[in-house]
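This is what each chain is made of:
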Amino acid sequence: MASKALDGMVEEALKAFLAWKGASRLARRRLLQAWLEQVGLVKEDLARLLTEETGKPITLAKGEIARGESTLLVTVEALGAFGEEAVPYDLMAGAEGCRAVLRRFPLGPVLAITPFNFPVNLALHKLGPALGAGCSVLWKPCPQAPRTSRLLWESFEAARIQEQAPLRLLQLAPADPAEAQLLAQDPRIAAVSFTGSERVGHHLERLLAGKRVLLELGGNAAVVVDEGVDAGTVARALAPAAVAGAGQSCSKAQRFYIHRGLWEAFVPAFVAAVKALPVGDPMDPATVVGPLIDEATAVRVDEGLDRAVAAGATVLLRGRRQGALLPPAILTDVPEEDPFVCEEAFSPISVLTPVDSFGEGLDRAAATRFGLRASAYSRDLGNLRLAEQRLRAGGVLLNLPPTFRLDAAPFGGVAASGNGFEGPRWALEAFTEGRLIVEGPA
Ligand code: NAD
């Protein structure tokens with residue numbers, strides 16, 4: 001895309017913002033409600049395209065679209081209670097008779113950048129709240145799902161025309177990384193909301209010092225399992241969290257710290273539970289583990305398994321790669337400095353490590369620069385409270401897998417995993433700024 005075309009898009013976004021920023025809550029809600037209806041009309045096509053383009057198993061793709069609808073619905077609902085908060089001001093001497101309200105105002109044109117692993121739902125987590133807040137949006141989708149992204153955008157256009165909303169409120173900007181950076185740096189872009197890798201996210205943060213940059217980045221989620229829990233039940237709950245969608249989820253279960261008292265029972269139960277999940281053709285509704293995003297990625301991960309084995313890892317489960325399809329692998333005795341322990345695996349790889357105590361498990365789980373999600377399983381309430389204290393992550397799941405996400409709830413990372421929460425109510429806040437209005441007695 002030539003820089004003149006980019007310039008034109010930013011100009012249109014600014015114009016649309018100026019026309020939209022004062023729109024009533026009713027108008028904003030109606031637009032999102034109309035979009036939700038349009039998404040409903042194309043949901044089957046969205047799911048099919050998503051599977052064709054990214055290899056996400058069709059049942060998971062349908063699940064993602066259904067979640068996307070729920071994300072939009074929750075955004076519509078959140079708008080009803082967002083934007084104005086009464087602040088009792090007459091607590092201060094001399095302020096008798098004063099009234100105050102904290103009002104939130106839209107920031108301006110927003111650039112939303114989204115990743116390939118949930119190209120619809122994660123886009124809706126940004127686009128709905130940004131538009132609902134009164135911003136205009138330039139959406140730079142992932143390059144791996146161009147037809148899916150276009151169809152989602154077209155469904156918005158159909159809703160916009162129906163609601164006669166200002167022109168070009170949401171523009172699709174399938175820019176390459178260099179162009180996306182130019183867009184992000186444009187002073188007319190008020191905020192950049194990015195979901196993707198730690199590498200790109202932190203690069204943008206450095207590049208855009210002084211601009212509001214919302215980051216939702218990667219993780220290497222740990223699960224600590226105490227003795228005394230039922231090994232089979234926990235293993236069956238964790239298996240899909242480790243391998244569904246080929247493990248291409250930011251909150252996928254990657255590192256498992258298992259109390260030695262449970263180790264003998266847990267390991268075979270977990271291997272059996274993972275083996276029971278169907279691997280293969282993403283168009284088959286039974287498939288849980290489809291291909292990785294491309295063959296080069298599968299080759300790189302497979303080579304990583306060779307490297308880990310050469311460094312001393314023991315293989316508990318591994319299969320032969322076929323093109324982009326890499327069957328789940330389970331390792332133990334993996335050195336601490338191996339990338340499958342200290343980096344994000346983003347693939348169907350699980351690393352199991354025995355620990356002498358639950359506390360040691362928590363310490364090792366917390367020894368990471370990431371902080372997106374972490375899990376702990378225990379029947380001891382004191383241990384669960386300890387987990388809550390010691391696991392530093394934007395989401396700590398107790399007796400649940402790290403992938404357990406409600407789209408209405410806050411979701412985000414701390415430390416190297418991000419700098420805030422999404423979830424419609426929190427995203428609305430991120431796309432606005434507060435203004436305290438204080439009125440004295442007349
Ligand atoms: P990525 O960082 O490679 O790409 C994300 C987006 O950024 C894409 O649209 C890409 O084209 C764009 N991009 C790449 N370089 C850019 C640049 N220099 N300037 C501007 N934009 C640029 O990530 P990916 O491979 O698409 O997605 C996987 C990553 O996303 C994983 O690390 C995963 O953990 C993370 N993720 C995080 C969350 C979360 O909510 N925290 C959710 C899903 C995925």
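This section reports on the structure supplied with the text.

## Some remarks on the overall build of the protein
A count of helical and extended segments in the protein gives 14 helices and 17 strands. A globule of 442 residues ought to have a C-alpha radius of gyration of about 22 Å, and the protein, at 23 Å, matches this closely. The principal-axis extent of the C-alpha atoms belonging to the protein is close to 75 × 55 × 40 Å. Out of the 442 residues belonging to the protein, those deemed buried represent 55%. Considering only contacts in the protein between residues 6 or more positions apart, those separated by 24 or more positions represent 72%.

## Considering the site of the ligand
In the vicinity of the ligand there are 27 residues, among which Thr114, Gln181, Ser197, Leu217 and Glu344 approach most closely. Within the side chain of lysine 140, an N or O atom sits 3.0 Å from an oxygen atom of the ligand. Contacts to the ligand include serine 197, whose side-chain N or O atom sits 2.6 Å from an oxygen atom. Relative to its free-state accessible area of 850 Å², the ligand is covered by the protein chains to the extent of 90%. When atoms are counted within 2 Å of each cavity's grid points, the one that captures over half of the ligand is the largest pocket. Taken together, the elements giving at least two residues each to the shell around the ligand come down to helix H6 (177-185), strand S6 (191-195) and helix H7 (198-207). The biggest single contributor to the shell around the ligand is H6, with three residues.

## Observations regarding the layout of surface pockets
Approximately 1,200 Å³ is the volume found for the largest pocket. Phe116, Gly196, Ser197, Arg199 and Val200 are, among the 48 residues lining the largest pocket, the residues nearest its centre. Those elements that provide at least two residues to the lining of the largest pocket are H6, S6, H7, helix H10 (295-310) and helix H11 (339-342). A breakdown of the residues in the lining of the largest pocket according to their chemical character gives 23 nonpolar, 13 polar and twelve charged. Roughly 550 Å³ of internal volume is contained in the second largest pocket. Around the second largest pocket sit 28 residues that line it, and Lys56, Arg67, Phe118, Ala244 and Ser249 are the ones nearest its centre. Among the secondary structure elements, those contributing two or more residues to the lining of the second largest pocket are helix H3 (58-79), helix H4 (121-133) and helix H8 (231-243). Looking at the lining of the second largest pocket element by element, the count peaks at four residues for H3. Of the residues assigned to the lining of the second largest pocket, the class counts are 13 nonpolar, ten polar and five charged.

## A word on the pairing of strand S11 (residues 329-332)
Where burial is concerned, the two faces of S11 agree: the one with Ala329 and Leu331 and the one with Ile330 and Thr332 are both buried. Two strands pair when backbone bridges link them, and strand S10 (residues 314-317) and S11 are joined in this way by three bridges, in the antiparallel orientation. The residue bridging leucine 317 from the neighbouring strand is isoleucine 330, located in S11. Pairing analysis gives four bridges linking S11 to strand S12 (residues 349-355), with the strands arranged parallel. Paired with isoleucine 330 across the two strands is serine 350, which belongs to S12.

## Some remarks on the sheet that holds strand S13 (residues 373-377)
Ordered in space as S10-S11-S12-S9-S8-S13-S14, the seven strands form an open sheet in which the pairing is mixed. The outermost strands of the open sheet, each flanked by one partner alone, are S10 and strand S14 (395-398). With direction set aside, neighbouring strand axes in the sheet form an average angle of 20°. The pairing of S13 with S14 spans four bridges and is classified as parallel. Counted as the bridge partner of serine 375 is leucine 397 from S14. Those strands touched by helix H13 (residues 381-390) are S13 and S14, and its axis lies near 170° from that of S14.

Rules used throughout
Residues numbered from 1 in each chain as written. Predicted model: local features only at pLDDT ≥ 70, side-chain atom pairs only at ≥ 80, totals over all residues. Heavy atoms only, no water. Helix = DSSP H or I, 4+ residues; strand = E, 2+ residues; numbered from the N terminus. Rg over C-alpha atoms; globule rule 2.2 N^0.38 Å. Buried < 20%, exposed > 50% of the residue type's maximum accessible area, 1.4 Å probe, protein only. Contact = heavy atoms within 4.5 Å. Near = heavy atom within 4 Å. Polar contact = N/O pair within 3.5 Å; in protein donor to acceptor, adjacent residues only side chain to side chain. Areas by Shrake-Rupley, 256 points an atom, 1.4 Å probe, with all protein chains shown as cover. 1 Å grid on protein atoms, 1.4 Å probe; cavity = no way out; pocket = protein on both sides within 12 Å on 5 of 7 lines; lining within 4 Å. Sits in = over half its atoms within 2 Å of the grid points. Points joined across faces, edges and corners; volume = space filled by probe spheres on them. Nonpolar A, V, L, I, M, F, W, Y, C, P; charged D, E, K, R; others polar. Pairing = 2+ DSSP bridges. Axes fitted to C-alpha atoms, helices over the stretch in contact; angles between N-to-C directions.

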